[in-house]
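Spelled out from the first residue to the last, the chains are:
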Amino acid sequence: MPQAKVVVLCGGAPRHVYVVNRLCRSLDVQAIVQEVGRRITPSKLASLAKPKVAARKIGRWLRDRKRYVGNREAEFFFRDAAVRLDRPDLLHCAEHINDRSVFETVQRLAPDVVAVFGTSLIKPPLLGLGRLGMLNLHGGLSPDYRGADCTFWALYNGEAEQVGCTLHFINAGIDTGALIAHACPEVRDGDDELTLFWRAVRDSAEVYVEAIERLARGETLGRRQDRKGRLYQVKDRTWAAEREFARRLPDGVVRGVSLPARVKWFGSVETSQAQVVAGAMADA
């Protein structure tokens, strides 16, 4: 049976590149469209001039600069190798994923599946392309953990079992499309937020490949989300929330918790029991 034709829409962080490379190794990827960010415009400058907006963005930049010190993400996903795409010949760069040029590229290639990870919110006319669907990898378990910083909030809420990623079909909402799979990583004593998030992404790359292969075989995947759940926004992660997180998790690490890696599928291959992730790479 012929492979599904795939177009990938992604960001440029090491985790995004890792997942794209994993898709390229197993699937018929026709193009990789990487969102690189818009130029500074007068409207952006006007927004940044607002004290609350500027304080929030500067605060997040300072926090992330500290969290990502030492290039930890690149080391986790690529060990000692350089962070680079395996198929740079397929790369198209766009300032924003909803630029007209992106729509025209995807429409021209007419893929069976559009695979998304790490872009801005996708809007029409790009939304809806892909004969078999447009899929997204979200770094939280929808519907209870939608939006931003979901690993942080699951740990904050004392729900280490809710750390993971969701593979879902994309609709007009934020992480509200029909569920395809939940991929939860192994949780070990001493794990921190970023290690758990990256481990979930790494494991989810295998799930992403399998889901597209199953769609290509004609399997029906996806189950409508049965409740609204909770949407966490970037602005919710305040300094007060950070201080409370530090109180609840001293040194920022999980203690006294041990959970196996597991995957739950939704649709024709839905399982009643968690499945252990197969073929995941060893941690860096």
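With that out of the way, let us pick up the nonpolar core. In terms of nonpolar packing, the biggest core is built from 44 residues, with Val-19, Leu-23, Val-29, Leu-135, Ile-180, Tyr-208 and Ile-212 touching the most fellow members. Among the elements that take part in this core, helix H7 (residues 193–216) stands out by supplying 12 residues, more than any other. Look past the residues within four positions of Leu-135 in its chain and what remains in contact with it is Val-113, Val-114, Ala-115, Val-116, Leu-167, His-168, Phe-169, Ile-170, Ile-180, Tyr-208, Ile-212 and Leu-215. Residues Val-33, Val-102, Val-114 and Met-134 belong to the second largest nonpolar core, which totals 17 residues.

What follows deals with the environment of Cys-93. Here Cys-93 lies in strand E3 (residues 91–94). For the pair Cys-93 and Gly-12, spaced 81 residues apart in sequence, the C-alpha separation works out to 10.0 Å. In this structure, Cys-93 is in contact with Gln-34 and Val-36, ignoring residues within four places of it in sequence.

For the chain, per-residue confidence averages 89 on the pLDDT scale, and residues scoring 70 or more make up 83% of the total. For residues 269–284, every residue scores under 50 in pLDDT, and the model assigns this stretch 39 contacts once sequence neighbours within four places are set aside.

For the rest of this paragraph, the subject is the pattern of salt bridges. Pairing between side chains of opposite charge can happen when their charged atoms approach one another. This model, assessed by the stated rule, comprises 20 salt bridges. Across the pair Arg-25 and Asp-86 runs a salt bridge, and its minimum N-O distance is 3.6 Å. Remark: Asp-86 occurs in the loop between helix H4 (72–78) and E3 and Arg-25 occurs in helix H1 (residues 14–26); sequence separation between them is 61 residues. For Arg-25, a relative accessible area of 51% translates into the label exposed. A single network of salt bridges, built from pairs that share partners, joins Asp-149, Glu-193, Arg-237 and Glu-242.

Here we come to the packing of aromatic side chains. Counted under the stated rule, the structure contains 9 aromatic pairs. Taking 4.9 Å as the distance between ring centres and 90° as the angle between the ring planes, the aromatic pair formed by Phe-152 and Trp-153 counts as edge-to-face. Residue classification places Trp-153 among the buried residues on the basis of a relative accessible area of 7%. Every member of this aromatic cluster is reached through a ring pair, and the members are Tyr-145, Phe-152, Trp-153, Tyr-156, Tyr-232 and Phe-245. A cation over an aromatic ring shows up here: Arg-237 above the ring of Phe-152, its NZ or CZ 3.9 Å from the ring centre. One cation-aromatic arrangement involves Arg-248 over Tyr-156; the distance from NZ or CZ to the ring centre is 4.1 Å.

A word on helix H5 (residues 100–109). Where H5 is concerned, the buried positions are Val-102, Phe-103, Thr-105, Val-106 and Leu-109. Mapping the buried residues of H5 onto a view down its axis gives an arc of 165°, with all of them on the same face. Summarising the geometry of H5, the exposed residues directed more than 90 degrees from the buried face are Arg-100 and Arg-108. Residues of H5 that are buried sit in contact with strand E1 (5–10), strand E2 (28–35), E3 and strand E4 (113–117).

The buried fraction of strand E5 (residues 133–138) is high, at 6 of 6 residues. Alternating positions in E5 separate into two faces, Gly-133, Leu-135 and Leu-137 on one and Met-134, Asn-136 and His-138 on the other, with burial throughout. Relative to E5, E4 is paired through 4 bridges, and the arrangement is parallel. The residue of E5 that forms the bridge with Val-114 is Met-134. In terms of strand pairing, E5 meets strand E7 (residues 165–169) through 4 bridges, oriented antiparallel. Paired with Leu-137 across the bridge in E7 is Leu-167.

Thresholds applied
Counting from 1, residues in each chain are numbered in the order their sequence is written. Side-chain atom pairs in this predicted model are given and counted only at pLDDT of 80 or more, local residue features only at pLDDT of at least 70, and totals for whole chains, interfaces and linings cover all residues. To get the side-chain values, all heavy atoms of the structure are used, and hydrogens and water are removed first. Buried Ala, Val, Leu, Ile, Met, Phe, Trp, Tyr and Cys residues form a nonpolar core when they are joined through side-chain atoms within 4.5 Å. Whether a residue is buried, partly exposed or exposed follows from its accessible area with a 1.4 Å probe, protein chains only, as a fraction of its type maximum: under 20%, in between, or over 50%, in that order. To qualify as a helix, a DSSP run of H or I must reach at least 4 residues; to qualify as a strand, a run of E must reach at least 2; elements of each kind are numbered from the N terminus. Any two residues whose heavy atoms approach within 4.5 Å at even a single point are treated as in contact. Confidence per residue, as judged by the predictor, is encoded in pLDDT with a range of 0 to 100. The term salt bridge refers to a pairing of a side-chain nitrogen on Lys or Arg with a carboxyl oxygen on Asp or Glu at a separation within 4 Å. Two rings belonging to Phe, Tyr or Trp (six-membered ring only in the last case) form a pair when the distance between their centres is within 6.5 Å. Interplanar angles under 30 degrees mark stacking, angles over 60 mark edge-to-face geometry, and anything in between is tilted. Geometrically, a charge over a ring is one whose NZ (Lys) or CZ (Arg) sits within 6 Å of the ring centre while staying within 35 degrees of the ring normal. This arc is taken over the directions from the axis of the helix to the C-beta atoms. Strand pairing follows a simple DSSP-based rule, namely that at least 2 bridges must link the two strands.

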